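# Close look at the chain arrangement
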There are 2 protein chains.
Amino acid sequence: MLARPIKNLIRELRKLPGVGEKTATRLALHILTAPPERAENLAHALTEVKERIVPCKECHQLTEDSPCAICASPRRDRTLLCIVEDQVSLISIENSGNFNGLYHVLGGRLSPMDGVGPSSLNIPDIKDRVRNLGVREVILATNPNVDGEATALYIKRLLEGTGAAVTRIARGVPMGGDLEYADSLTLGRAIDGRGTF
Amino acid sequence: MLARPIKNLIRELRKLPGVGEKTATRLALHILTAPPERAENLAHALTEVKERIVPCKECHQLTEDSPCAICASPRRDRTLLCIVEDQVSLISIENSGNFNGLYHVLGGRLSPMDGVGPSSLNIPDIKDRVRNLGVREVILATNPNVDGEATALYIKRLLEGTGAAVTRIARGVPMGGDLEYADSLTLGRAIDGRGTF
């Protein structure tokens, strides 16, 4: 009942994460009734991003220039390396404003059940990077779930003998939250990981 | 901190309805890490939809061919005309499966406060269409909110003297809502339970 190009656009939009049939339809019809530049600009941005963006040869974040602005910056502490699963984590940590070192983007997490081993990720070059940069501390900032913890543990073992201290981001009750709503796993972890106040 | 083409893509995605900063960032990074065809196909679908889609010269729905498949179909009841605000409403009613007549898409609703009068919408040609088709019943299926009700009332008055019965969908659909979010059962009930307006 819908014209083929509209159906096609809905099908392509549905492939985006978190976009179902209704959202895709609403987006498609919004695009159709919006000024033509809107669709053109979005199409152009999509094409450009695929043409111009490359992974940084050092930290593997997606960037226009390699090495990226963070790796090339003289103002960053090159002896502090934060290991994250993906670029969304990197952006979140940058936005928190509490970190001034370099990053290393794994491009995922270890998941043997799905066939994701160390060589599928940006893990093999971590050790060389830590040595070449003379890193004094590696912060493991993989996500606080089963796969993220396993990935952190794997990298901790990998870095034994490099001389770098290996730390893990604190896991506990979120700031601004309420103990009442924290799950028992998080609360248990918050008790176990308590520190001097 | 993010590369310019990525920022640009995020900015364009944010213009979509219901997409905020976090969702746009997540979508952009998903697109970046997905296979390249994903972005190409979406860009192509966006371009194609703007190039190939035209409004049907009869019912004004967006279509590849004018007249559209519904207006051209010999299986539709041409004496029954359903007036909707936009294509999302048309799709919702089609999906309910309770309607087999023709449609008339207004392209919006009357809203004098925003300067939207009858001539800004596909209202002037309704009367001729009703006469030329020999319509026996016009179903007003504008949204059940203030503007939609006012638009329905305006069209009811416009059609006085044409001989067509004017009905309004039963407000089984919750007042203040939007057709887009109604489930098909409610929409079907609204079509079946229509009454004199």
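Residues numbered from 1 in each chain as written. Chains lettered and ligands numbered in written order. Predicted model: local features only at pLDDT ≥ 70, side-chain atom pairs only at ≥ 80, totals over all residues. Heavy atoms only, no water.

On to the sheet that holds strand β3 (residues 77-84) of chain A, then. Residue and element names in this part refer to chain A. Across the sheet, which stays open at both edges, the four strands sit in the order β4-β3-β5-β6 with parallel pairing between neighbours. Each edge of the open sheet is held by one strand with a lone partner, namely β4 (101-105) and β6 (165-168). Shown here is a sheet whose adjacent strand axes are inclined to one another by a mean of 25°, direction ignored. Sheet topology note: the strand β5 (residues 137-140)/β6 ladder contains four bridges and is parallel. If you follow Glu137 over to β6, its bridge partner there is Ala165. Running over the sheet, helix α5 (residues 87-96) touches β3 and β4 and is turned about 160° from β4. The strands that helix α7 (residues 146-158) touches are β3, β5 and β6; relative to β6, the one it contacts most, it runs at about 170°. (Pairing = 2+ DSSP bridges. Helix = DSSP H or I, 4+ residues; strand = E, 2+ residues; numbered from the N terminus. Axes fitted to C-alpha atoms, helices over the stretch in contact; angles between N-to-C directions. Contact = heavy atoms within 4.5 Å.)

With 17 residues, helix α3 (residues 36-52) of chain B should reach 24 Å at 1.5 Å per residue; the first-to-last C-alpha distance of 24 Å fits that figure. Regarding α3(B), the residues found buried are B:Ala39, B:Leu42, B:Ala43, B:Ala45, B:Leu46, B:Glu48 and B:Val49. Elements that come into contact with the buried residues of α3(B) comprise α1 (4-14), α2 (21-33) and α3 (36-52) of chain A together with α2 (21-33) of chain B. (Expected span 1.5 Å × (residues − 1). Buried < 20%, exposed > 50% of the residue type's maximum accessible area, 1.4 Å probe, protein only.)

Turning to the domain arrangement of chain A, a few remarks are in order. If you check the domain split of chain A, you get domain 1 (4-52) and domain 2 (62-196). Placing the centre of domain 1 of chain A and that of domain 2 of chain A at their C-alpha centroids yields a distance of 34 Å. (Domains from an automatic or database assignment.)

Taken together, the contact pairs 50 residues of chain B with 48 residues of chain A. Here chain B packs against chain A, burying approximately 4700 Å² in sum over the two surfaces, 73% of which is carbon and sulfur. By the criterion of area lost to chain A, the three top residues of chain B are B:Met1, B:Leu46 and B:Lys50, representing 15% of everything that side buries. Seen at the junction of chain B and chain A, the total is four salt bridges. Residue B:Arg4 pairs with A:Glu64 through a salt bridge whose shortest N-O separation is 3.6 Å. Broken down by secondary-structure element, the contributors of at least two residues to the side of chain B that touches chain A are α1 (4-14), α2, α3, β2 (62-63) and α5 (87-96) of chain B. Here the side of chain B that touches chain A gets 13 residues from one element, more than from any other, and that element is α3(B). Of the residues in the side of chain B that touches chain A, the class split is 30 nonpolar, nine polar and eleven charged. (Buried area = accessible area lost by both parts, 1.4 Å probe. Salt bridge = Lys/Arg side-chain N within 4 Å of Asp/Glu carboxyl O. Nonpolar A, V, L, I, M, F, W, Y, C, P; charged D, E, K, R; others polar.)

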